[in-house]
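# Observations on chain architecture
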Amino acid sequence: PPYGAPPPGGAPPPMYGAPPPGGAPPPMYGAPPPQGPPGGAPPPYGVPPGAGGAQPAYPAPGAPGGGSPTSEIEISLECKGLVNKDVMSKSDPMVYAFVGEGGRWRHFGTTEMIKDNLNPKFAKCFVVKYHFEKTTTLCFRVYDIDDEKDLREEKQCFLGEVIVDLGALVSSRTTPFQQHLSMNKSVKPPSPYELQKQQTMAMMSKEQAMSKFGSMVIHIEQRGVNSNDDVIIEARGVKLAKKDTFGKSDPVLMFFRKQLEAANWVKVHQTEVVKKTLNPTWKKMVIKLGRLCNGDLFRPLRIECKDWDKDGTYDDIGHIETSLNEILSGRRELVLLHPKGKSKSVGTIVFDSIEIRKNLSFIDYLQKGMRMNLVAAIDFTQSNGMPTDPASLHFRQNFDFSQLQPGMNQGGPQPNQYQKAILSIGSVLTPYSQTGRIDAFGFGGKFANGEISHNFILNGSTNPGCEGPHGVLEAYNMALNNVALWGPTIFSQVIRATASLANDARAQGRLDYYVLLIITDGVITDMRETIAEIVRASSLPLSIVIVGVGNADFRAMDMLDGDDERLAIDGQVAARDIVQFVPFSSVASRGIEAIAEETLREIPEQVTSYFQSQPQLNF
């Protein structure tokens, strides 16, 4: 019979996601868990009845080729004397962070934007993993943000960059490390020799000539224990000093911790501004224990209360020097000291509530029973090219799938980009699955009966489960022989279906987490619908990894990756970032293992962020 057709005289297979004949429909996506037994509801999708199906540190825990890190290093930044690019006000700086990989820069995070400030101290830090045996080159680019809604680099005004070697930072006897900004934007990471030469030339240059573009101050510290725990604070001000001539103050709190070796104060957190009041109540604060005091409850803290002005500057109201241990021990009302040392009262900060919440790590969740489930979706649109054409992205050479392993440099036939992505990512995730199976689908294909599907079972049966990545490769090969490439490129249906599985797991209280791998050769045609589905799914146990194969222009796909700004649509903002997009061409030169390393590095943090938001689950 035609591929996917029912047997002669038999009833057609049920539609994807439909209940069995006579059974009750599954709960609506987003609905509360059903009361009582599920009745006719189908078993969890792709799982036999009764079975159950981690700014991220660089590289992600367990990433292939990363080796064992010597330690985690926390990097805090501030700038001095930036160039002013705004006519009617001052620059609005933000720092973009990059790491050198395979002869290119990989973006791995940003600081917050600070408005109207040429000497910003950024509260948001970066955490990188230090390997003694590995050269890690970092680049920090400062931009004046001109377009807050589109944070791509090309939309902003470049203010300069600093390139440093992590080993040099760690071994530097000069703390904090300070370097002048360069206006020469690097195209690729310099070699260790080139970097050393650049820094030597910078030291030999005249101070005045080098300082006209400003400088960056880099504070580093090795992360302590319990750094992932949260400090939850509820605070308010009482009878604060009035700083505005024609109104009350607009108070804000800034938290600093002392760098023990250098005795510098490093900014670690800032609250929102509460306008026109002398008795403000700030929103509940959740600060990582590692960020606040590096896990040291006795670390000196400085809390500054300031009055915000419309021009972006601040007036000092007062400050406190204390420690987390002191506040936890019961000293909840702290009198602000006058900024000029006078005895005049400037108000009090009251901590109504403060506690430390223990957070589990990704490994903790695995060891306590969390199960990973992989769903793969493969692009069957015409833009890939006819599979029989050697230039096609779906062109396949004959070789034994069972003998193909990540990292093999065979002199004979090579897998195509789809096969490489399936093998690399599937091989990493399958060991975390209880069943060892991967549910595999295709989208954009046309059947012999003329039906076009954007979510069909890859192996042609009613059960999408495949035995590991090699089973997916066999199903992929079978589908290409039976399904015509068509189109258009639509993501929303496969995302909705996978989100339904994740929703069922949440509703039933199962400790399951889903990873949806989408491999595609082009920009999607249902961008708005896809964004809506991602925003809806952001509160579910789901991560979405998108691998772009071929040479298409994938810039529009970057907007789905919410590293810098949460996705939003129609006023609804994503609960968390669940999407990672990686162009295959950006990692191909580093070998097949690099595909998994690049695409999966954010998964551990995404897993922990989800389960930390679900305190009702029994871990």
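Here's what I pulled together on the structure shown here. (Residues numbered from 1 in each chain as written. Predicted model: local features only at pLDDT ≥ 70, side-chain atom pairs only at ≥ 80, totals over all residues. Heavy atoms only, no water.)

### Considerations on the sheet that holds strand β12 (residues 285-288)
Put simply, the test is: We call two strands paired when DSSP finds no fewer than two bridges between them. Per the convention used, a helix needs a DSSP run of H or I reaching at least four residues, while a strand needs a run of E reaching at least two, with both numbered from the N terminus. An axis is simply a line fitted to the C-alpha atoms; with a helix, the fit covers only the stretch in contact. Between two such axes, the angle follows the N-to-C directions and lies from 0 to 180 degrees.
Strand order in the open sheet formed by four strands is β12-β9-β16-β15, with antiparallel pairing between adjacent strands. Looking at the sheet topology across the chains shown, the edges are occupied by β12 and β15 (333-335). The average angle at which neighbouring strand axes cross in this sheet is 35 degrees, direction not considered. Pairing of strand β9 (residues 230-238) with β12, which is carried by four bridges, proceeds in the antiparallel orientation.

### Section: the pairing of strand β13 (residues 300-308)
Filter applied, for reference: Only protein chains enter the calculation, and the probe is 1.4 Å; a residue is then buried if its accessible area is under 20% of its type maximum, exposed if over 50%, and partly exposed in between.
Counted residue by residue, β13 has seven buried out of nine residues, so it is predominantly covered. Bridge count between strand β10 (residues 251-259) and β13: seven bridges; the pairing is antiparallel. Bridging across to β13, Phe 255 finds its partner in Ile 303. The sheet contact formed by β13 and strand β14 (residues 314-323) spans nine bridges and is antiparallel. The residue of β14 that forms the bridge with Arg 302 is Glu 321.

### Overview of empty space enclosed by the protein
Rule in force here: Put simply, the grid is 1 Å and covers the protein atoms alone, a cavity is a trapped set of points that fit a 1.4 Å probe, a pocket is an open set with protein on both sides within 12 Å along at least five of seven lines, and lining residues have an atom within 4 Å of a point. Grid points are joined across faces, edges and corners, and a volume is the space filled by probe spheres set on the points. Think of it as three bins: nonpolar holds Ala, Val, Leu, Ile, Met, Phe, Trp, Tyr, Cys and Pro, charged holds Asp, Glu, Lys and Arg, and polar takes everything else, Gly as well.
One number sums up the size of the second largest cavity: a volume of about 50 Å³. Taken together, Ser 76, Leu 77, Glu 78, Lys 121, Phe 122, His 219, Trp 265, Val 266 and Lys 267 form the lining of the second largest cavity. Contributions of two or more residues to the lining of the second largest cavity are made by β1 (71-80) and β11 (264-270). Of the residues that constitute the lining of the second largest cavity, the class distribution is four nonpolar, two polar and three charged.

### Points about the packing of aromatic side chains
Test applied: To pair, rings of Phe, Tyr and Trp, with the six-membered ring standing in for Trp, must have centres within 6.5 Å; the planes then decide the type, stacked if under 30 degrees apart, edge-to-face if over 60, and tilted in the middle. Cation placement over rings: the criterion is NZ of Lys or CZ of Arg within 6 Å of the ring centroid and within 35° of the ring normal.
One pass over the full model with this rule turns up 14 aromatic pairs. Ring geometry for Phe 108 versus Phe 126: centroids 5.8 Å apart, planes at 70 degrees, classification edge-to-face. Of this pair, Phe 108 sits in strand β3 (residues 104-110) while Phe 126 sits in strand β4 (residues 126-130); the two residues are 18 residues apart in sequence, bridging distant segments of the chain. With respect to burial, Phe 108 and Phe 126 carry one shared label: buried. Taking 5.6 Å as the distance between ring centres and 80 degrees as the angle between the ring planes, the aromatic pair formed by Phe 443 and Phe 491 counts as edge-to-face. Placement of Phe 443 in strand β18 (residues 437-443) and of Phe 491 in the loop between β23 (484-485) and α9 (492-507) is noted, with a sequence separation of 48 residues between them. Residue classification places Phe 443 among the buried positions, given a relative accessible area of 0%. Under the relative-accessibility criterion, Phe 491 is labelled buried at 0%. Joined through ring pairs, the aromatic side chains of Tyr 365, Tyr 513, Tyr 610 and Phe 611 make up one cluster. Sitting over the ring of Phe 158, Lys 185 keeps its end group 5.0 Å from the ring centre. Taking NZ or CZ as reference, Lys 446 lies 3.7 Å from the ring centre of Trp 486, over its face.

### As for α9
As a reminder of what qualifies: To estimate how far a helix should reach, multiply one less than its number of residues by 1.5 Å. Whether two residues are in contact is decided by their heavy atoms: any pair within 4.5 Å suffices.
With 16 residues, α9 ought to run about 22 Å at 1.5 Å a step, and its terminal C-alpha atoms sit 22 Å apart, in line with that. Most of α9 sits inside the fold, with twelve of its 16 residues counted as buried. Residues Ser 492, Val 494, Ile 495, Ala 497, Thr 498, Ala 499, Leu 501, Ala 502, Asn 503, Asp 504, Ala 505 and Ala 507 constitute the buried set of α9. Elements that come into contact with the buried residues of α9 comprise β17 (371-379), β24 (512-520), α10 (527-537) and β25 (542-548). Just downstream of α9, Gly 509 is the residue with a positive phi angle, here 70 degrees.

### Focus on the packing of α9 against α10
Our working definition: Any angle that is under 35 degrees is reported as roughly parallel, and any over 145 degrees as roughly antiparallel; angles of 65 to 115 degrees are reported as roughly perpendicular and all others as oblique. Should the near helix be turned anticlockwise from the far one by less than a right angle, the crossing is left-handed, and should it be turned clockwise, the crossing is right-handed.
It is the contact of α9 with α10, at a shortest axis distance of 9 Å, that shows an interaxial angle of 15 degrees. Judged by the angle between their axes, α9 and α10 are roughly parallel. Seen along the crossing, α9 lies across α10 with a hand that is left-handed. Facing α9, whose interface residues are Ser 492, Ile 495, Arg 496 and Ala 499, α10 presents Glu 529, Thr 530, Glu 533, Ile 534 and Ala 537. Residue composition of the contact of α9 with α10, grouped by class: four nonpolar, two polar and three charged.

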